[in-house]
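These are the residues of each chain, in order.
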Amino acid sequence: MNLELTLKHFKMCIHTQCSTDGIEMSDADRFIWEDGDEIKEFDLSNSHVHWVDGGALQAVIALQILKSEGFKAGLFWDDCYIDGIDGDFWGWCILSNYGSKGRNND
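Reference entry: report on the structure contained in this document.

Reading guide: rules and limits
- Sequence order as written defines residue numbering, which begins from 1 separately in each chain.
- Residues qualify for local features only when their pLDDT is at least 70, as the model is predicted, and side-chain atom pairs are given and counted only at 80 or more; totals for whole chains, interfaces and linings, by contrast, use all residues.
- Hydrogens and water are ignored here; the side-chain numbers use all heavy atoms of the structure.
- Helix and strand assignments come from DSSP, with helices taken as H or I runs of at least 4 residues and strands as E runs of at least 2, each series counted from the N terminus.
- In this analysis, the expected span of each helix is defined as 1.5 Å times one less than the number of residues it contains.
- The buried label applies to any residue whose accessible area, calculated with a 1.4 Å probe on protein chains only, is under 20% of its type's maximum; exposed applies above 50%, and partly exposed to all values in between.
- Relevant arc is that of directions from the helix axis to the C-beta atoms, nothing else.
- Residues are treated as being in contact if the distance between any of their heavy atoms lies within 4.5 Å.
- Paired rings are identified among Phe, Tyr and Trp, the last through its six-membered ring, by centres lying within 6.5 Å, and are further divided according to the angle between planes into stacked (under 30 degrees), edge-to-face (over 60) and tilted (the rest).
- Among buried residues, those of type Ala, Val, Leu, Ile, Met, Phe, Trp, Tyr and Cys that are joined through side-chain atoms within 4.5 Å constitute a nonpolar core.
- Strands are treated as partners if at least two bridges between them are detected by DSSP.
- Fitted lines through C-alpha atoms serve as axes, helices being fitted only where they are in contact, and the angles separating the N-to-C directions of these axes extend from 0 to 180 degrees.

In this model helix H2 (residues 56–68) runs 18 Å from its N-terminal to its C-terminal C-alpha over 13 residues, within 8% of the 18 Å that 1.5 Å per residue would give. Those residues of H2 lying buried are Ala59, Ala62, Leu63, Ile65 and Leu66. One side of H2 carries all its buried residues, which in axial view fall inside an arc of 160°. Turned more than 90 degrees off the buried face of H2, the exposed positions are Leu57 and Ser68. Where the residues of H2 are buried, they touch helix H1 (7–13), strand S2 (31–36), strand S3 (48–52), strand S4 (73–81) and strand S5 (89–96). One or two residues past the end of H2 sits glycine 70, with phi positive at roughly 90°.

Before going further, it helps to spend a moment on the packing of aromatic side chains. On inspection of all chains with the given rule, the structure shows four aromatic pairs. Consider the rings of tryptophan 51 and tryptophan 90, whose centres lie 5.4 Å apart with planes at 50°: the pair is tilted. Placement of the pair is tryptophan 51 in strand S3 and tryptophan 90 in strand S5, with a sequence separation of 39 residues. In this structure tryptophan 90 comes out as partly exposed when scored by relative accessible area, which is 26%. With a centroid separation of 5.1 Å and an interplanar angle of 75°, the aromatic rings of tryptophan 77 and tryptophan 92 are classed as edge-to-face. Separated by 15 residues along the polypeptide, tryptophan 77 in strand S4 and tryptophan 92 in strand S5 bring together distant segments of the chain. Look at tryptophan 77 and you get partly exposed, because its relative accessible area is 24%. A residue is classified by how much of its surface remains accessible, and tryptophan 92, at 18% relative accessible area, is buried.

Grouped together as the largest cluster of nonpolar side chains are 16 residues, with contacts concentrated most on Phe10, Leu66 and Ile94. Leaving out residues up to four positions away in the same chain, leucine 66 has contacts with Leu7, Phe10, Phe71, Ala73, Ile94, Ser96 and Tyr98.

Moving on, we get to the sheet that holds S3. With antiparallel pairing, the five strands of this open sheet are ordered in space as S1-S3-S5-S4-S2. The outermost strands of the open sheet, each flanked by one partner alone, are strand S1 (14–19) and S2. Going from strand to strand, the sheet's axes swing by 25° on average, the running direction of each strand aside. Pairing of S2 with S4, which is carried by five bridges, proceeds in the antiparallel orientation. Paired with phenylalanine 31 across the strands is aspartate 78, a residue of S4.

All right, on to the pairing of S3 then. Burial of S3 is extensive: five of the five residues sit out of reach of the surface. As paired elements, S1 and S3 share five bridges and run antiparallel to each other. The residue of S3 that forms the bridge with serine 19 is histidine 48. Bridging between S3 and S5 involves four bridges; their strand directions are antiparallel. Of the residues in S5, the one forming a bridge with histidine 48 is serine 96.

Next up, the structure:
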């Protein structure tokens with residue numbers, strides 16, 4: 001059996017996304033690189049962060065979908081607490097050029 005995953009499926013994996021313009025992604029205390037492209041490989045004035053629903057497996061799948069579609073993408077753990085609540089992290093996220101200016105995203 002072969003599974004074909006597309007950008008439609010990627011959109012099902014994420015719960016929040018935003019432009020990196022103005023975000024301090026290089027802050028090693030918050031965004032911890034795990035796999036894929038590293039922060040230094042991105043134009044942070046023209047990239048996006050996509051926070052993933054679910055756990056690590058869903059994050060890896062989301063990363064692989066973007067990579068297979070030809071996008072630059074890196075998997076990170078966002079160590080920041082949501083609304084300052086201890087124990088509730090933003091969690092897995094993908095840094096990518098998907099959703100950026102000049103890219104055909106669908």
